[in-house]
Amino acid sequence: MPPLAQPPQAELLMQATEGFDCLLNNDLPGARAKLAANPDSPFHLVGVGISAFLAAALGQEDSELAGALTVLSKAQSVASAQEKAKRPKNEPATAFPAGTEYKLLVADSVICQALIVYPTAVTEKDSLNSIFTTLNANYQHNVRKAAASTSSSSSSSSGILPWSSKKRNDLQALRPSASFGALSSGAAALSTPPIDPSPSVPSSRPITRENSFDPTLDVQEPSPLLSEDGTPLPAPAWQGDPLATMVISGASFGYGLFGLIFSILPPRLRKLIAWFGFNNSNRAIALKLLTVAASTGDDVHGYFASLALVTFYGVVLLMSGWQAEEDYIIAQYGAVLSRVASKFPNGTLWILNRAKLCRYQYKPAEAIKIMEDALAKGSSFREADSLLVFELAWTLLSDAQWEKSAAAFLRMRTLNSWSHATYVFISAGALLELPESERTPAIEKQIDVLIDELPSLFGLKRLLGEQPGTEIFISRRLGVYKAKLARWISEGRLPATAKVREVIRISPAAELGLFWNTTGRAPHHSLKSQIARLEAFTPPPKFGPAAAASPSPSYSTISLRKTGLKFDLDSIDEIYTRDLLLGAMYRVLGEFELARSFLNEAIAAKDKALEEVWVPTFAMLELAILEVQLIDREGKKGNEKEVWKKKIKGAEKWLDDIFTYKREYELKSRLESRAQMLRDQIIERKVKLGLL
């Protein structure tokens with residue numbers, strides 16, 4: 001069908017979109033220039049505000065947020081006035097009621113000023129195929145209706161969105177329990193029979209490499225987005241209609257983003273927010289709506305929906321430890337990314353996610369090359385570059401490139417004002433991973449300088465008035481190291497001039513790396529080198545190839561410090577921390593029974609007078625991941641449902657124990673977040689198997 005004539009505001013939208021194109025392609029000055037060119041246009045004002053908001057958020061510069069909120073407030077007022085303004089009689093009819101685009105602009109500005117979410121009538125049972133099919137049918141119906149109208153007064157729409165309703169005061173229709181098909185009022189007006197939404201339960205997915213996105217290539221054709229069964233989704237019929245795309249993507253993005261945000265909040269906070277009406281936080285629904293928003297790949301809301309999707313998928317792939325549908329997540333990650341990466345080849349955010357995808361596919365060398373090449377070119381978007389350097393630092397660390405990783409973490413101090421103490425601590429830890437034979441006097445001097453600098457860095461950065469949890473952890477660990485140094489000096493093991501570096505055995509980077517799960521997708525050569533280093537410390541571990549010929553005793557701190565033994569690890573905290581690290585690494589290597597032995601040993605310390613209280617709970621998470629991996633492997637051999645029904649309770653109990661553990665420790669919320677992600681993945685598989 002021929003395209004509709006576009007009203008004047010469509011040109012303003014396209015001009016503002018050019019500004020967003022510059023922003024997402026790393027041209028922040030160009031974006032600001034284009035968006036500031038029309039200070040009376042609400043499209044441009046929202047762009048200026050979002051640009052400022054994004055730069056402030058990525059750079060973690062709280063002082064910049066005030067300016068962003070001022071601009072967004074003005075944008076809201078201007079858009080609201082335009083929404084209520086009388087339309088010229090000769091203005092071309094559109095697929096939506098006049099002023100709908102301004103309503104979306106008002107919502108855009110409010111979204112960035114506060115956490116606002118609207119209820120949605122899309123349900124978990126609605127498949128992506130049914131959603132796209134109904135959206136396409138509704139859009140085509142509305143276009144035919146608008147084309148046939150003779151004046152703007154007769155161009156009202158029955159609603160293109162699947163959650164729209166002719167009776168806007170019908171609150172019942174907006175509840176999540178309402179069926180998707182019943183709310184598709186536009187589809188009901190068509191002569192075609194109603195769509196029977198198929199359950200969106202993952203099945204065997206026919207995902208092939210031939211049509212998959214290759215993150216190592218700068219430019220390539222977009223890959224199709226995938227339905228739950230792994231088949232391509234229908235192409236969006238509204239692609240090429242900028243105002244229709246804005247409305248559909250904007251509404252879907254608004255619903256989806258904050259539904260996703262609320263779905264990942266801690267349960268106690270979700271319960272509190274529900275009192276204010278924010279109770280529609282179903283994650284499956286949110287991801288479907290974000291997929292709708294990302295589908296065209298040529299709209300500002302779609303760009304940010306794509307960013308939200310790949311960020312969420314990336315966190316799940318890295319942090320959960322096990323995924324119910326790993327192949328599907330990676331394929332959909334690539335498909336979403338393919339729609340924007342080629343459009344913005346210089347955009348740091350997309351380069352970053354190309355590199356992350358390589359890392360999640362166990363290709364660290366390719367990930368490192370992508371990031372190093374991008375950083376060598378340079379960019380004017382410093383805030384986004386900080387994310388690239390941060391990811392590079394962790395990837396280098398997981399790949400055992402210790403000196404490069406240390407340099408990357410130190411570079412972070414020049415890119416943002418977040419916890420410099422954390423960057424310095426991890427950098428020192430990375431250098432401590434170097435074998436003694438590779439530690440030159442210059443490197444040892446650098447480690448000493450970094451450790452000595454730490455006390456002056458604590459408390460310089462606060463989040464909502466609180467010191468970052470990593471700094472609390474680091475400060476306590478530094479006290480432990482200094483106490484050990486004083487003890488060794490008093491015992492005559494070291495001279496009075498000795499440095500803290502000389503008593504540290506277990507790398508601080510390895511300890512903090514557990515919270516970022518650097519071991520989860522680390523290459524095997526890196527894990528084996530770290531295992532060899534840990535097992536070489538005295539006393540030898542109880543299990544594995546380095547274990548003593550005779551059974552190791554149950555150590556106590558007193559026995560470890562017995563005169564004359566001179567063990568490397570002279571406290572039970574160090575012993576159990578090593579057990580945890582070895583258990584986590586052997587699990588990734590697939591040596592499950594050996595891993596289980598180490599993890600059980602670390603968990604057994606939960607009732608002892610540990611200073612490293614986090615160690616037993618972290619071992620519970622690792623053991624839960626191990627149990628799920630074994631169940632998954634056994635289930636694939638046959639009788640999957642029965643295997644899961646019989647054995648999954650063991651893993652679930654470990655996760656429950658994490659949340660009921662009474663003792664407090666640093667970074668507890670981060671560990672619990674990882675445990676909740678794994679719990680969510682277990683639930684997803686149980687739903688697929690019909691166990692829930």
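Residues numbered from 1 in each chain as written. Predicted model: local features only at pLDDT ≥ 70, side-chain atom pairs only at ≥ 80, totals over all residues. Heavy atoms only, no water.

Caption draft 1: Just helix H27 (residues 640-660), in detail. Over its 21 residues, H27 runs 30 Å from end to end, which matches the ideal 30 Å to within 8%, given 1.5 Å per residue. Most pronounced at Lys647, the bend in H27 amounts to some 45 degrees. Of the residues making up H27, those classed as buried are Val643, Trp644, Ile648, Ala651, Leu655 and Ile658. If you follow the buried residues of H27, they end up packed against helix H26 (614-635) and helix H28 (668-688). (Helix = DSSP H or I, 4+ residues; strand = E, 2+ residues; numbered from the N terminus. Expected span 1.5 Å × (residues − 1). Bend = angle between axes of the 7 residues up to and from the residue. Buried < 20%, exposed > 50% of the residue type's maximum accessible area, 1.4 Å probe, protein only. Contact = heavy atoms within 4.5 Å.)

Caption draft 2: Quick peek at unusual backbone geometry. Cis geometry is adopted by the peptide bond preceding Pro539, which originates at Thr538 and carries an omega value of -5 degrees. Among the secondary structure elements, Pro539 is positioned in the loop between helix H22 (524-536) and helix H23 (557-560). Backbone geometry at Tyr362 places phi at a positive 60 degrees, although glycine is not the residue there. Judged by relative accessible area, Tyr362 falls into the partly exposed class, the value being 47%. A positive phi angle, near 55 degrees, is found at Asn639, a position not held by glycine. Its place among the elements puts Asn639 in the loop between H26 and H27.

Caption draft 3: Quick look at the packing of aromatic side chains. Summed over the entire model, instances satisfying the criterion amount to 20 aromatic pairs. Between the aromatic rings of Tyr586 and Phe598, the centroid separation amounts to 6.0 Å while the plane-to-plane angle is 5 degrees, which identifies the pairing as stacked. Highlighted residues: Tyr586 in helix H24 (residues 572-588) and Phe598 in helix H25 (residues 592-603), separated in sequence by twelve residues. Residue Phe598 is classed as buried on the basis of its relative accessible area of 0%. Ring centres of Tyr661 and Tyr665 lie 6.4 Å apart, and the angle between their planes is 55 degrees; on these two criteria the pair is classed as tilted. When sorted by exposure, Tyr661 lands in the same class as Tyr665, which is buried. Ring pairing ties together the aromatic residues Phe390, Trp394, Phe409, Trp418, Tyr423 and Trp516, which thus form one cluster. Positioned above the aromatic ring of Trp488, the side-chain terminus of Arg493 is 3.6 Å from the ring centre. (Phe/Tyr/Trp six-rings, centres within 6.5 Å; stacked < 30°, edge-to-face > 60°. Lys NZ or Arg CZ within 6 Å of the ring centre and 35° of its normal.)

Caption draft 4: Fine view of helix H18 (residues 420-432). Between its first and last C-alpha, H18 extends 18 Å over 13 residues, near the 18 Å set by a 1.5 Å rise per residue. With twelve of 13 residues buried, H18 is to be regarded as a mostly interior element. Of the positions making up H18, those classed as buried are Ala421, Thr422, Tyr423, Val424, Phe425, Ile426, Ser427, Ala428, Gly429, Ala430, Leu431 and Leu432. Looking at the packing, one finds that the buried side of H18 touches helix H16 (382-398), helix H17 (402-411), helix H19 (441-457), helix H20 (469-490), helix H21 (508-515) and H22.

Everything listed here is a matter of coordinates, which is why it stays silent on function.
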